[in-house]
Amino acid sequence: MRKKRTDFEDDGHVIAPMDVDGMPQSMLEQSGWFGNPRRRRREKPVSRENEPPPVELTPSETRRFIGGALAAALLVAGVMIAAGALFILFCTHVWLR
């Protein structure tokens, strides 16, 4: 038989305070932890005046860029596979003998 659920009544008793030590209350209100949860701190728009224009790559440069990234990824994968193979060899010939 299922028990009926009683309504929860808050008596104001604090079991675990969630205040952050050293942080002023105004910062907590701005961060959205306290106060109105819908109010979010808006980020300032980034100024793009001094930003250089984007670099346009030629198709051959793009292929070289992708090839270099692929080579780096294959190198890392090869090192990991070699380390795993050496560990298995060590286990089978030395450790578990």
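Up top is the structure.
Being a predicted model, the structure only gives us computed values, none of them experimental.

## Describing the overall build of the protein chain
What the protein chain contains, in helices and strands, is two helices and zero strands. Across the 97 residues in the protein chain, those meeting the buried criterion constitute 2%. A total of about 10,600 Å² of accessible surface is found on the protein chain, and carbon and sulfur atoms cover 61% of it.

## Thoughts on the packing of aromatic side chains
Tallied over the full model, the rule gives one aromatic pair. Residues Phe90 and Trp95 carry aromatic rings whose centres are separated by 6.4 Å and whose planes lie at 40° to one another, so their mutual orientation is tilted. On the basis of relative accessible area, Phe90 is assigned to the partly exposed category, the value being 41%. We classify Trp95 as exposed; its relative accessible area is 55%.

## Thoughts on a nonpolar patch on the surface
A contiguous nonpolar patch, built from Phe87, Ile88, Phe90, Val94, Trp95 and Leu96 and spanning about 700 Å² of accessible area, is present on the exposed surface. With respect to the element layout, Phe87 can be found in helix H2 (residues 59-95). A residue is classified by how much of its surface remains accessible, and Phe87, at 48% relative accessible area, is partly exposed.

Criteria and cut-off values
Residues numbered from 1 in each chain as written. Predicted model: local features only at pLDDT ≥ 70, side-chain atom pairs only at ≥ 80, totals over all residues. Heavy atoms only, no water. Helix = DSSP H or I, 4+ residues; strand = E, 2+ residues; numbered from the N terminus. Buried < 20%, exposed > 50% of the residue type's maximum accessible area, 1.4 Å probe, protein only. Areas by Shrake-Rupley, 256 points an atom, 1.4 Å probe, with all protein chains shown as cover. Phe/Tyr/Trp six-rings, centres within 6.5 Å; stacked < 30°, edge-to-face > 60°. Patch = residues over 30% accessible without salt bridge, like charges linked within 9 Å, V, L, I, M, F, W, Y side chains within 5 Å. Salt bridge = Lys/Arg side-chain N within 4 Å of Asp/Glu carboxyl O.

Everything listed here is a matter of coordinates, which is why it stays silent on function.
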